[in-house]
Amino acid sequence: MNMNLLETPIEYLKGVGPQRGDLLRKELSIHKYGDLLNLYPNRYIDRTRYYKINQLTNSNSEVQIVGKIIHIKTVEQGKGKSRLVATFVDETGQMELVWFQGQKWIRESLKLNVVYVIFGKVTQFGATFNMAHPELELLETHKSSLRSAMQPVYPSTEKLTNKGINSRVISKLMQQLFLETQALFSETLPQSLIDELKLIPKNAALFNIHFPKSQDLLAKAQFRLKFEELFFIQLQLISKNLIRKHKIKGQPFEKVGTNFTNFYNNHLPFELTNAQKKVLKEIRNDLGSHAQMNRLLQGDVGSGKTIVALMCMLLAKDNGFQSCLMAPTEILATQHYNGLIELLNNENKSLNINIKLLTGSTKTSDRKLLHEELENGTLDILIGTHAVLEDKVQFQNLGLAIIDEQHRFGVEQRSKLWRKASIPPHVLVMTATPIPRTLAMSLYGDLDISVIDELPPGRKPIQTVHRYDSHRLQVWKFLKDEIAKGRQIYIVYPLIQESEKMDFKDLMDGYESISRDFPLPTYSVSMVHGKMKPADKEAEMKRFAEGKTNIMIATTVIEVGVNVPNASVMVIESAERFGLSQLHQLRGRVGRGADQSYCILMTGFKLSEDTKTRLETMVRTNDGFEIAEVDLKLRGPGDIMGTQQSGVLNLQIADLVKDRDILQVARHIAIRILKEDPSMSKPEHVKMKEVFIELTKKKNIWNYIS
Ligand code: ADP
Ligand code: MG
């Protein structure tokens, strides 16, 4: 219809022109009519209410008042600066209007003793209220204007405001746009869907989002547009997933061979939890099919993901394929390697699996052999860090790639792995940062998701407390008691890039005072931090793991994965400086053995509301998913995923946290439609498909692996 009109460059809109056009492009990425149309208000101001001056409070909120200006003066402020002050009155009292900019022009245009409607934020100075740079309109004009009572507030930038492009100007431009296009915006959703969900038409939605006629219509407009936004995202993610399953052939792991069976029957060190069994089944289904697996395995710290990974790799071996397991740090990779060796080589060594470790510190001579074995196929399992991704590392037939702690690996790295085999390997991404399912669905709609939602039996929930620094003596006493029982202790200091030096000093000071308070020969203290050489770090970790030291002082290098079951107390210093998920990860370092474990969050007295919520949440629950939900609420999804994925979350109107119910519906319907009509070729889907294709062209930001 007038889709083409929406392609018109923005400067052609009456009232824009080249200069404003430039600004709109640079500041708000508005290039075309269509971009402006999709600039939705952040909020709305209710202009149905008029205040009297004697009703004003110091709430700093925006109010609207009817009255007259009875006096204008210029007040010198020194240094050649001045402000313009007008006395504004109604029948209940008087207040001041203040201008700092454009004083000359304003002074000339203000009229004394006529009735104005003023609008703006009021602040109180002593007994007087004042309003700086009010919006000002003659009552007569105000009455006759067609402006809706719910006034939109558009996103803006400092530059735009300085150049006079405020919300009201944008609203005027929007009116002009509706005028020029005659508001003939075409419908994008199938009629049946509109009927089913009782959505208002696209036209009405766009009109009411910009010029709401009532609260009710505004709510309907918002729902409609949020749904549409989420729906098209889901449509893309799900169709991509379907395409992958159809088109991308995977190596079918059809056999359940000797290694898997033997391990399962004879070498499992414990009974698998039901959750582990369930997940293993889901993965085996994928691996057995002819489609390539692309699965996210979520499981809280300590939920037992490693054994699942191992069994998948055994399955690969049984089907004649190599596999690799990547971890984000050397410590972790090494620990995985040692752990797997132990699992595979216990007692009767009937399992014959060749497994090797590749990290930055692997010796050249070892490397050479490793490369050879990889290429001639005698190496079954490769464990490693990013080093695995180097071009020199070539597999004979990589069938399965497992990535631990996915959030540390970028998109690029994943695609590098992908390219290491002629037919794409199956990919299993394991993460201990639980992402609420709704969010995971929208971020990883192209991945299938498995969840280990149960911890191995016999774990005692970790007891968490919050203590102020002033109670340190009591905390130290507690630590000594625990050490006397034979337990070991972590004390963690924050290390945050920006203030690395100061953090480092904190750590060193901490080390000194702890060494003083826990003196040799009764106690011995280890320390690891980022500035140490890997070998030294490794050696310190080893001493602690072997029980030779009582206390491990560390920065967050121990954050991920380290396993020392005898460590039962985690003290987190300056806990207010850690994010919630980080706190939870750190806490997960304890509670791995049979003993009751503790986590002590140390902070100063001054705490923000958010920090209090974080600490309370930690004290209240051990459930990683619950914690992730709170984290999501506090920080917003963009932060949680890191900048890398935040592009996906550049939503125009929907909010993944607040609108998760709409997201559920959108996903459900997208799946249904694609099942019925995978190519979206039914007549009623034509328009929808057009929009879909248009969007796919624009936003392929969720291409993780391609
Ligand atoms: P994560 O999911 O954090 O990687 P791990 O795989 O390291 O967890 O497992 C944590 C600990 O729990 C390990 O010591 C592991 O041996 C143990 N474990 C895993 N599964 C079970 C189970 N089903 N029963 C008992 N212990 C288990
Ligand atoms: Mg792990």
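Please read all numbers here as calculations on a predicted model, not as lab measurements.

Draft legend 1. Highlighting the overall build of the protein. From N to C terminus, the protein includes 26 helices and 21 strands. The buried share of the protein, taken over its 706 residues, is 51%. Contacts spanning at least 24 positions in sequence make up 74% of the contacts within the protein whose residues lie at least 6 apart. A total accessible area of about 33400 Å² is found for the protein, and carbon and sulfur atoms account for 52% of it.

Draft legend 2. Structural view of the packing of aromatic side chains. Under the defined criterion, the tally for this structure stands at 13 aromatic pairs. On the basis of an interplanar angle of 50 degrees and a centroid distance of 5.2 Å, the ring pair of Y490 and F544 is categorised as tilted. Residue Y490 is found in strand β17 (residues 488-492), and its partner F544 is found in helix α19 (residues 534-545); the two are separated by 54 residues along the sequence. An aromatic cluster is defined as three or more aromatic residues linked by ring pairs; in this entry it consists of F178, F185, F207 and F211. Over the ring of Y51 we find R49, and its NZ or CZ is 4.0 Å from the ring centre. Between K480 and the ring centre of F518, over which it is positioned, the NZ or CZ distance is 5.0 Å.

Draft legend 3. Layout of the side chain of S167. Here S167 is to be found in helix α6 (residues 167-181). We classify S167 as buried; its relative accessible area is 18%. In this structure the side chain of S167 is engaged in a polar contact, spanning 2.7 Å, whose partner is the backbone nitrogen of Y154. Leave out the neighbours within four places in its chain, and S167 touches P152, V153 and Y154.

Draft legend 4. The arrangement of α6 in detail. The end-to-end C-alpha distance of α6, which contains 15 residues, comes to 21 Å, matching closely the 21 Å that a straight helix rising 1.5 Å per residue would cover. S167, V169, I170, S171, L173, M174, Q176, L177, F178 and T181 are the residues of α6 that are buried. Looking at the buried positions of α6, the neighbouring elements they touch are α1 (17-28), α2 (33-37), β8 (150-153) and α8 (202-210). Q182, located one to two residues past α6, shows a positive phi value of around 55 degrees.

Draft legend 5. Local environment of the site of ligand 1. In the vicinity of ligand 1, 15 residues are found, and the nearest of them are Q276, G302, K305, T306 and R459. In this structure, a nitrogen atom belonging to ligand 1 sits 2.9 Å away from a main-chain N or O atom of E271. With the chains in place, 77% of the 560 Å² that ligand 1 exposes on its own is no longer accessible. Tallied by class, the residues present in the shell around ligand 1 amount to four nonpolar, seven polar and four charged.

Draft legend 6. Main features of the sheet that holds strand β20 (residues 567-572). Across the sheet, six strands lie side by side as β16-β21-β20-β17-β19-β18; this open sheet has parallel pairing. Every other strand in the sheet has two partners, leaving β16 (463-468) and β18 (525-528) as the edge strands with one partner each. Neighbour-to-neighbour, the strand axes of the sheet open up by a mean angle of 20 degrees, direction not taken into account. As paired elements, β17 and β20 share five bridges and run parallel to each other.

Draft legend 7. Region of the structure containing the confidence of the model for the protein. Residue-level pLDDT values for the protein average 86, and 89% of them are 70 or greater. Confidence over residues 638-648 falls short of pLDDT 50; this stretch has 23 contacts with residues more than four positions distant or in other chains. pLDDT under 50 marks residues 700-706. Its contacts with residues more than four places away, or in other chains, come to 23 contacts.

Draft legend 8. Structural context of helix α14 (residues 364-376). The end-to-end C-alpha separation of α14 is 18 Å, in line with the 18 Å expected for 13 residues at 1.5 Å each. All buried positions along α14 are accounted for by R367, L370, H371, E373 and L374. Looking straight down α14, one finds that the buried residues subtend no more than 170 degrees of arc, so they occupy a single side. Opposite the buried face of α14, by more than 90 degrees, sit the exposed residues S365 and K368. Tucked into the core, α14 has its buried residues touching β10 (322-326), β11 (355-358) and β12 (381-384). Of the residues one or two after α14, G377 is the one with positive phi, at around 85 degrees.

Draft legend 9. Region of the structure containing the sheet that holds strand β14 (residues 426-431). Pairing in this open sheet of seven strands is parallel, and the strands run β11-β12-β10-β13-β14-β9-β15 from one edge to the other. Strand pairing shows two members of the sheet lacking a second neighbour, β11 and β15 (448-452), which therefore form its edges. Strand-to-strand twist in this sheet, taken as the mean axis angle between neighbours without regard to direction, amounts to 20 degrees. As paired elements, β10 and β12 share four bridges and run parallel to each other.

Draft legend 10. Up close: unusual backbone geometry. The step from L520 to P521 runs through a cis peptide bond, and the omega angle for that step is 0 degrees. Mapped onto the elements, P521 comes out in the loop between α18 (500-517) and β18. Look at H133: it is not a glycine, yet its phi comes out positive at around 45 degrees. Looking at the element boundaries, H133 is found in the loop between β6 (128-132) and β7 (135-138). The exposure class assigned to H133 is partly exposed, which follows from its relative accessible area of 34%. If you check the backbone angles, S574 has positive phi at about 45 degrees while not being a glycine.

Draft legend 11. Molecular detail of the packing of helix α12 (residues 305-318) against helix α13 (residues 330-344). At a minimum axis separation of 11 Å, α12 and α13 run at an interaxial angle of 65 degrees. Between α12 and α13, the angle is such that the two are roughly perpendicular. Of the two possible hands of crossing, α12 and α13 adopt the one that is right-handed. Between α12 and α13, the residues in contact are T306, I307, L310, M313 and L314 and H336, L340, L343 and L344, respectively. Considered class by class, the residues forming the contact of α12 with α13 number seven nonpolar, two polar and no charged.

About the cut-offs
Residues numbered from 1 in each chain as written. Chains lettered and ligands numbered in written order. Predicted model: local features only at pLDDT ≥ 70, side-chain atom pairs only at ≥ 80, totals over all residues. Heavy atoms only, no water. Helix = DSSP H or I, 4+ residues; strand = E, 2+ residues; numbered from the N terminus. Buried < 20%, exposed > 50% of the residue type's maximum accessible area, 1.4 Å probe, protein only. Contact = heavy atoms within 4.5 Å. Areas by Shrake-Rupley, 256 points an atom, 1.4 Å probe, with all protein chains shown as cover. Phe/Tyr/Trp six-rings, centres within 6.5 Å; stacked < 30°, edge-to-face > 60°. Lys NZ or Arg CZ within 6 Å of the ring centre and 35° of its normal. Polar contact = N/O pair within 3.5 Å; in protein donor to acceptor, adjacent residues only side chain to side chain. Expected span 1.5 Å × (residues − 1). Near = heavy atom within 4 Å. Nonpolar A, V, L, I, M, F, W, Y, C, P; charged D, E, K, R; others polar. Pairing = 2+ DSSP bridges. Axes fitted to C-alpha atoms, helices over the stretch in contact; angles between N-to-C directions. pLDDT = per-residue confidence, 0-100. Arc of directions from axis to C-beta. Parallel < 35°, antiparallel > 145°, perpendicular 65-115°, else oblique. Left-handed = near helix turned anticlockwise from the far one by under 90°.

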